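Coordinates in review
Single-letter residue listing:
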Amino acid sequence: MWKDLGLNLEKHDVLLNALAKGYGDLFMTQKNRPAGMGYFDFVISEVHGLRIKELVDRKKAGKKIIGAFCLYVPEELVYAADATMVGLCGGADFSIPDAETVLPRNICPLVKSFFGFKVGATCPYFNSCDMVVGETTCDAKKKVYEVLADYTPTYVMEIPHKVDTEQSKALWLSEIKLFKQQMETLTGNVIEKDSLKEAIRLINEKKKAMKRVSDTRKASPTPISGLDALLVNQVSFYDDVNRFTLKTNELADELEKRNADGVGVGDPSKPRLMFSGCPMAIPNWKLHSIIESTGVPVVAEESCIGSRYFTDLVEPKGDSMDSLLEAIWDRYHNISCACFTPNDDRVTKVVDMAREYNASGVVYNVLQYCHTYNIEAIKVDKALKAAGVPMLKVETDYGSEDVEQIRTRVEAFTEMLRPV
Ligand code: SF4
Ligand code: SF4
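Below is a summary of the structure that appears in this document.

What counts and how
Numbers given to residues run from 1 along each chain, matching the order in which its sequence is written. Here chains are named by letter from A upward and ligands by number from 1 upward, in the order in which they appear as written. Only residues with pLDDT of 70 or above have their local features reported here, since the model is predicted, and side-chain atom pairs are shown and tallied only from 80 upward, although totals for entire chains, interfaces and linings are computed over all residues. Each helix is a run of H or I in the DSSP string that is no shorter than four residues. Each strand is a run of E no shorter than two, and both are numbered from the N terminus. Within these notes, the globule rule equals 2.2 Å times the number of residues to the 0.38 power, and the radius of gyration is based on C-alpha atoms. Once C-beta atoms are placed from the backbone, each residue is buried if 20 or more other C-beta atoms lie within 10 Å of its own, exposed if 12 or fewer, and partly exposed for counts between those two. We call two residues in contact when the distance between their C-beta atoms, placed using the backbone, is within 7 Å. Think of each axis as a best-fit line through the C-alpha atoms, taken over the contacting stretch in the case of a helix, with angles from 0 to 180 degrees between the N-to-C directions. Comment on the angle field: the value is read as roughly parallel under 35 degrees, roughly antiparallel over 145, roughly perpendicular from 65 to 115, and oblique elsewhere. What makes a crossing left-handed is the near helix being turned counterclockwise from the far one by less than a right angle; a clockwise turn instead makes it right-handed. Under this grouping Gly is polar, as are all residues other than the nonpolar Ala, Val, Leu, Ile, Met, Phe, Trp, Tyr, Cys and Pro and the charged Asp, Glu, Lys and Arg. Residues are classed as near a molecule or strand if the C-beta position derived from their backbone is within 6 Å of it. Being paired, for any two strands, means DSSP has found at least two bridges between them.

Before going further, it helps to examine the overall build of the protein chain. Secondary structure assignment for the protein chain yields 18 helices and eight strands. A compact globule built from 420 residues would reach a C-alpha radius of gyration of about 22 Å, and the protein chain, at 21 Å, matches this within 12%. Along the first, second and third principal axes, the C-alpha set of the protein chain runs to 60 × 50 × 45 Å. Looking at the protein chain as a whole, 49% of its 420 residues are labelled buried. Excluding contacts between residues fewer than 6 apart, the proportion of contacts in the protein chain whose partners are at least 24 apart in sequence is 74%.

On the secondary structure map, Glu 184 appears in helix H9 (residues 166-187). Between the C-alpha atom of Glu 184 and that of Ala 83, which follows or precedes it by 101 residues, the distance is 9.9 Å. With near-sequence residues (within four places) excluded, Glu 184 lies in contact with Ala 81, Asn 189, Val 190 and Ile 191.

Across the interface, helix H13 (residues 286-293) lies against helix H18 (residues 403-415) with an axial gap of 9 Å and an inter-helix angle of 50 degrees. In terms of orientation, H13 and H18 fall into the oblique class. Of the two elements, H13 crosses H18, and the hand of that crossing is right-handed. Along its contact with H13, which presents Ile 290, Ile 291 and Ser 293, the element H18 presents Val 403, Ile 406, Arg 407 and Val 410. Partitioning the contact of H13 with H18 into residue classes produces five nonpolar, one polar and one charged.

With that out of the way, let us pick up the site of ligand 2. Close contacts around ligand 2 come from Cys 108, Leu 110, Val 111, Thr 137, Cys 138, Ala 140, Lys 141, Cys 278, Leu 367, Cys 370, Thr 372 and Tyr 373, and that covers them all. Looking at the shell around ligand 2, the elements that each hand over two or more residues are helix H6 (109-119), helix H8 (139-148) and helix H17 (371-386). Tallied by class, residues from the shell around ligand 2 come to nine nonpolar, two polar and one charged.

With that settled, the discussion passes to the sheet that holds strand S8 (residues 391-396). Taken in spatial order, the four strands of this open sheet run S6-S5-S7-S8, and their pairing is parallel. Only two strands of the sheet have a single partner each, and these edge strands are strand S6 (298-302) and S8. Averaged over all pairs of adjacent strands, the angle between strand axes in this sheet comes to 25 degrees, irrespective of strand direction. With four bridges joining them, strand S5 (residues 273-277) and S6 adopt parallel strand pairing. Opposite Phe 275, over in S6, you have Glu 301 as the bridge partner. Lying over the sheet, H18 contacts strand S7 (361-367) and S8, oriented at roughly 175 degrees with respect to S8.

A few words on the environment of Asp 345. Its location among the elements puts Asp 345 in helix H16 (residues 344-356). The class of Asp 345 is partly exposed, set by 13 C-beta atoms lying within 10 Å. Considering only alpha carbons, one finds Asp 345 and Asn 334, eleven residues apart in sequence, at a separation of 8.8 Å.

With an omega of 0 degrees, the peptide bond between Ser 220 and Pro 221 qualifies as cis. The linkage connecting Thr 341 with the following residue, Pro 342, adopts the cis geometry, with an omega of -15 degrees. Inspection of the secondary structure assignment puts Pro 342 in the loop between helix H15 (321-333) and H16. Unusually for a residue other than glycine, Asn 32 sits at a positive phi of about 60 degrees. Here Asn 32 is to be found in the loop between helix H1 (9-27) and helix H2 (37-45). Phi at Asn 358 takes a positive value of approximately 50 degrees, unusual for a residue other than glycine. In this fold, Asn 358 is placed in the loop between H16 and S7.

Structure (structure tokens):
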């Protein structure tokens, strides 16, 4: 199977061994984990096995696989065309040397990581894709998609950068319609009203299950570690949607019961931290593992691998195709990525979320060279200060050189925080 996908087998073995070791060290050593995490452990153990086989089988049956890197790609239209969407990894240091054979070094590690997986032929998800869909969000991504197009069929959606103007609405709605056409052409399937309604229901159910898990983390003690909750969010991007929803609802049942019984994983006398900022694509577990190694739980993620993905649902107001597409527009234009200007909505959301999850403080993650999240930290910090919530900004990459330095900063930060 790996050969057919055109993988570099030697490098792929090195990647799998590193992943297994890192996962075992970080996840399997945690105490008092919810039993429902067993499913997610299984998914990771089969990340380059069973799931890839499922995708390959779909391809053999004539179905298409679509890769994406950003929340702005409307997955409802992918599923409505009977294709499957996978979020492509960009969270590993492993693939960066391959990327740097082509790209400049001083760009965001997330972008280098996903590009390196393609250039180095080490990601079976990337190599399963019939098309990858990019977006004009940050400069790094939109320019790299131009280069990526030399390696794989790439389609780019134009995202307006000013929100809530008539022009931006018209542009984004027309992009959604073009993407619908693109999916129809690629798959040969016309997207009908009923299939789109069913796809909207499918993705809404998935997001509702994720929100249920997230809501349980408002309790003290938190019923699940931040590391495990992060993993659930990361797995959501490539697992089979129906199975993921079922297993995430089962996990939510267990966590709700834990809360009713007062069972948790953390020490309730410790402060609680919220995470905010750049996304942590799988297998980026760096900041969560550092923070939780100090005994302080992470209770929420204001991030694309977190609340920004599952908070809002597509909610059509009518039954026509136009109403369905408008509802998709409405949901997606609400994503408050730092690439937008002005982006006050995100600043308000961060403060509201810190209150909702009883966070004692916020750790703000900036991936190196990510200007949008880095500069937006100024406004977020100011708003959090006004709300009485301290913030620690951490700028980092995927390397391990700064781990101890970050741990020391997190310890000093949490020492001055009160438990909520
Ligand atoms: S941070 Fe912005 S550009 Fe990155 S995945 Fe999220 S929405 Fe897309
Ligand atoms: S983390 Fe920042 S620089 Fe990197 S892809 Fe996302 S928005 Fe772009």
